[in-house]
Structures are given as structure tokens and as C-alpha cells.
Amino acid sequence: MTTPSVAWLVGASSGIGQALAFALAEAGWQVAISARRSEPLQAMQTRHPSLTPYPLDVTDAQSLHAAAAAITRELGEIDLCVLNAGDYTPMPLDAFDPALFRKLCEVNYLGMVNGLDAILPLMLARGRGQILLTASIAGYRGLPKSAPYSASKAAVISLAESLHLELKARGVLLRVVNPGFVRSPLTDKNDFKMPFLMEVEDAAQAIMRDLPRQNFEIAFPKRFAYLMKLLRILPYWLYFKLTKGAA
């Protein structure tokens, strides 16, 4: 009997992360699930025996290193690492708050850096593995009322782009996941109509379909991603004219 492949999913307690954890388990993966709160992780384990909780805090680099070591010792070598932890709070201009920038940067961007610091030595030592960094279509361009979030996700996209070729040359595939609007506790904070809104199960399946491939970016829903890519290449005067209504 072949040993099941091991996946480590950080940010697994809700939203896309939770749906993806169950999808991986159903596909035969042994899945280590991580998040700050242990209770949701324990509840997930009761629903599927292939899920094993490893609570941690992405802002605490040592907790990520400890989890990576424990997973390797107890489940085996990590073949897939999904760094998915993220936070979101909208910020209109009248609510400008440097503390919110720091908070979202600590979780959304530096949390990814801490995760990479824990998993890269393990994958580089054996010259193989796949890492997914969850960013967002919101990172393509700065969006009104979303400065802290868009900036942190743009940083994740740039991080992935910067490391991709060096890691690929050493056998490790680093990819970026750019979701659009996906129904979750985070998007529930929005008070506007979200175009192309997806359910978490559909988002998880979009990632699952792309897992065997080698493309750098996994973006969905496709129509929204293509629209936002078009906005990314527009000159500033036209981009600001088109997005003025959202300000």
C-alpha cells in the first residue's frame, strides 16, 4: 500500500482553507490542518479522520517551525504546503488606521514569510515539494476602501514572483492562488454587491483542478480574474476613471 501524500494547510479553520482541507482529505491526502484556534480544528478532525490538527499562530515564527517538525515526525514528509492564513477589514479614508495596516501585514504578508521560513528548508533538503501562497485578485491593483488588504496581498504576489524561478531550479514549485470574492466570514464584512461571488466549495475545487499542473498562478473565477488583469494594464488615468464610482 502506498503511503498517502502529506499536505499542510495553514489557515484551515474556515473559508477556502477549510473547504480545501476536506477536498484534499477526500482525494486521499493526509492533511495537517493549522490555525490559531484549536476548537475548529478539532471539530474538523471529527468529520474526517485524515485531518490532524496542529494549532499555531502565523505571526509567531517559532510555532510554524515547531508544527513543521511535528508534522514531519508524525505524518511524514510534507509534499504540499498551502499558506492560506489571512485577515481582512475594509478601510474607508475616514477610518484610516496605521494599526490596521500593521495587523494585516503581520498576518497576510509576514505570516507567509514565516511559513516559508519553516517549510523551505525541508523541501529544499530533498529537492521537491509544492507550496501555494494565497493572495487575492485584490492584489492586482489598489482598490478603494481596501488599502491595507490590497497592499498586503500585492506584497504576497510580488513575493511569489520573486522566489518562483530560484525555487523551481531547485525542485520546489512555488505558486500563487488569487481568489476573487468567496463567501466567508471575511467577505461577510463587505456592504456592497460582490461580483462573481463564489462558494467556498467551488473555490476549493478550482484549486484541486490546478494542483497537478505547473502553472504559476491559480486564479478564479476566471471571468473576474481576466477582467481584473485587464484593469491592471490600463493607464492610471483610465483605471481611476473606471473605479471612481467605488470610492
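Presented here is an overview of the structure given in this document. None of the values given here were measured: they were computed from a predicted structure.

**Section: the overall build of the chain**
Point 1. Summing up its helical and strand segments, the chain has eight helices and seven strands in all.
Point 2. In summary, the chain has a C-alpha radius of gyration of 18 Å against a globular reference of 18 Å for 247 residues, a match within 12%.
Point 3. Principal-axis analysis of the C-alpha atoms gives the chain an extent of 60 × 40 × 30 Å.
Point 4. Sorting the 247 residues of the chain into buried and exposed places 50% on the buried side.
Point 5. Sequence-distant contacts, at least 24 apart, represent 63% of the contacts inside the chain between residues at least 6 apart.
Point 6. Surface summary for the chain: the accessible area is close to 12300 Å², and the carbon and sulfur share equals 57%.
Point 7. Separation of charge centres in the chain, based on 25 positive and 21 negative side chains, amounts to 8 Å.

**Some details on helix H4 (residues 98–126)**
Point 1. The terminal C-alpha atoms of H4, which comprises 29 residues, lie 41 Å apart, in line with the 42 Å expected from a rise of 1.5 Å per residue.
Point 2. Two or three places before Ala-99, at the start of H4, stands the capping residue Asp-97, its side-chain oxygen 3.0 Å from that residue's backbone nitrogen.
Point 3. Looking one or two residues past H4, Gly-127 carries a phi angle of roughly 70 degrees, positive in sign.

**Here we look at the pattern of salt bridges**
Point 1. Following the criterion strictly, the structure yields nine salt bridges and no others.
Point 2. A salt bridge links Arg-183 to Glu-199, with the shortest nitrogen-to-oxygen separation between them at 2.8 Å. With Arg-183 in the loop between strand S6 (172–179) and helix H6 (200–210) and Glu-199 in the loop between S6 and H6, this pair connects stretches of sequence that are 16 residues apart.
Point 3. The partly exposed category is assigned to Glu-199, whose relative accessible area is 32%.
Point 4. A salt bridge links Asp-210 to Arg-213, with the nearest nitrogen and oxygen atoms 2.9 Å apart.
Point 5. Judged by relative accessible area, which is 46%, Arg-213 ranks as partly exposed.

**Some details on the side chain of Asn-178**
Point 1. Of note, Asn-178 is situated in strand S6.
Point 2. Look at Asn-178 and you get buried, because its relative accessible area is 1%.
Point 3. Among the polar contacts made by the side chain of Asn-178, one reaches the side chain of Glu-217 at a distance of 2.7 Å.
Point 4. For Asn-178, the residues in contact, after removing those within four places along its chain, are Ala-135, Ser-136, Ile-137, Tyr-140, Ile-157, Glu-217, Ile-218, Ala-219 and Phe-220.

**What to know about the state of the cysteines**
Point 1. Scanning the model with the defined rule gives zero disulfides in all.
Point 2. Its sulfur unpaired, Cys-81 is 19 Å from the next cysteine sulfur, which belongs to Cys-105.

**Things to note about the environment of Phe-216**
Point 1. Along the polypeptide, Phe-216 turns up in the loop between H6 and strand S7 (217–220).
Point 2. In this structure Phe-216 comes out as partly exposed when scored by relative accessible area, which is 22%.
Point 3. In this structure, the C-alpha to C-alpha distance between Phe-216 and Pro-53, residues 163 residues apart in sequence, is 28 Å.
Point 4. Ignoring anything within four residues of it in the chain, the contact list for Phe-216 reads Ala-160, Glu-161, His-164, Leu-174, Arg-175 and Val-176.

**Some words on the pairing of S6**
Point 1. The buried fraction of S6 is high, at eight of eight residues.
Point 2. Burial along S6 is two-sided: Val-172, Leu-174, Val-176 and Asn-178 and Leu-173, Arg-175, Val-177 and Pro-179, pointing in opposite directions, are all buried.
Point 3. Note: strand S5 (residues 129–134) against S6, six bridges, orientation parallel. Note on S6: the bridge partner recorded for Gln-130 is Leu-173.
Point 4. Between S5 and its parallel partner S6, the chain crosses via helix H5 (residues 147–169), and the hand of that crossover is right-handed.
Point 5. Summarising the sheet, S6 and S7 pair through four bridges and their orientation is parallel. If you follow Val-176 over to S7, its bridge partner there is Glu-217.

Procedures and definitions
Residues numbered from 1 in each chain as written. Predicted model: local features only at pLDDT ≥ 70, side-chain atom pairs only at ≥ 80, totals over all residues. Heavy atoms only, no water. Helix = DSSP H or I, 4+ residues; strand = E, 2+ residues; numbered from the N terminus. Rg over C-alpha atoms; globule rule 2.2 N^0.38 Å. Buried < 20%, exposed > 50% of the residue type's maximum accessible area, 1.4 Å probe, protein only. Contact = heavy atoms within 4.5 Å. Areas by Shrake-Rupley, 256 points an atom, 1.4 Å probe, with all protein chains shown as cover. Lys, Arg positive; Asp, Glu negative; His and termini not counted. Charge placed at Lys NZ, Arg CZ, Asp CG, Glu CD. Expected span 1.5 Å × (residues − 1). Polar contact = N/O pair within 3.5 Å; in protein donor to acceptor, adjacent residues only side chain to side chain. Salt bridge = Lys/Arg side-chain N within 4 Å of Asp/Glu carboxyl O. Disulfide = S-S within 2.5 Å. Pairing = 2+ DSSP bridges. Right-handed = clockwise from strand over helix to strand, strands pointing away.

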